[in-house]
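Letter by letter, the chains look like this.
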Amino acid sequence: MNLVGYLNRKLKDDAVIGLLEHYDMEVIYEFDRLHENTADAYSSAAKDAGFELRFNEQQVLETIWCYVKERDGFMAVDSGILGVPCYSSFAEAVNSVEARHLRLSKPSAGSEAWIRMEEKSIWRHYEFLDGELALLTLMLPWE
């Protein structure tokens, strides 16, 4: 299964457990230590494989960060496991969104730092650095 297919699955879903075991990933429980009424969350990173998972309080996978370029101790992800396209440039991403008539969010005019494609069941946030794709975030839509 591609990474995008894991979105909206529970932490204890057999497929998610298989992913965690395949990459020998540890799950970290993040709770409200300071009693600030923040929601609990769970995270897991596969630094050698170039991605990180974030589960919400209900243990549903809501965000996957895919490091297209090495950074912060993460190796570059294999684009073949993503399940969505990796665009070589900001312009290519914009053209794809416009051709598919998707809802688009991007920075103010002149900036080509990021673009977010919003589909009904998934949002894709592409972050560009020095004109190249550096980070792809796969996420459930915000409510």
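Residues numbered from 1 in each chain as written. Predicted model: local features only at pLDDT ≥ 70, side-chain atom pairs only at ≥ 80, totals over all residues. Heavy atoms only, no water.

Our focus in this paragraph is the sheet that holds strand 5 (residues 103–105). The strand order 1-2-3-4-8-7-6-5 describes an open sheet built from eight strands, whose pairing is antiparallel. Since the sheet does not close on itself, it has two edges, and those belong to strand 1 (27–30) and strand 5, each with one partner. Taken pair by pair, the neighbouring strands of this sheet meet at an average axis angle of 20 degrees, ignoring direction. By the bridge criterion, five bridges tie strand 2 (residues 41–46) to strand 3 (residues 51–55) in an arrangement that is antiparallel. Across the sheet, Ser-43 pairs through a bridge with Arg-54, a residue of strand 3. Helix 1 (residues 14–22) rests against strand 1, strand 2 and strand 3 of the sheet, and its axis sits at about 140 degrees to strand 3. Those strands touched by helix 2 (residues 90–100) are strand 5, strand 6 (114–118) and strand 7 (123–129), and its axis lies near 20 degrees from that of strand 6. (Pairing = 2+ DSSP bridges. Helix = DSSP H or I, 4+ residues; strand = E, 2+ residues; numbered from the N terminus. Axes fitted to C-alpha atoms, helices over the stretch in contact; angles between N-to-C directions. Contact = heavy atoms within 4.5 Å.)

Let us look at helix 1. Every buried residue of helix 1 is listed here: Val-16, Leu-19 and Leu-20. Projection of helix 1 onto a plane perpendicular to its axis shows the buried side chains occupying an angular sector of 95 degrees, all on one side. The exposed residues of helix 1 that point more than 90 degrees off its buried face are Asp-14, Glu-21 and His-22. Buried residues along helix 1 sit in contact with strand 1, strand 2 and strand 3. Where helix 1 starts, the residue carrying a side-chain oxygen 2.7 Å from the main-chain nitrogen of Ala-15 turns out to be Asp-13. Once helix 1 ends, the next one or two residues include Asp-24, with phi positive near 50 degrees. (Buried < 20%, exposed > 50% of the residue type's maximum accessible area, 1.4 Å probe, protein only. Arc of directions from axis to C-beta. Polar contact = N/O pair within 3.5 Å; in protein donor to acceptor, adjacent residues only side chain to side chain.)

Don't take any of this as a statement about function, it's just geometry.
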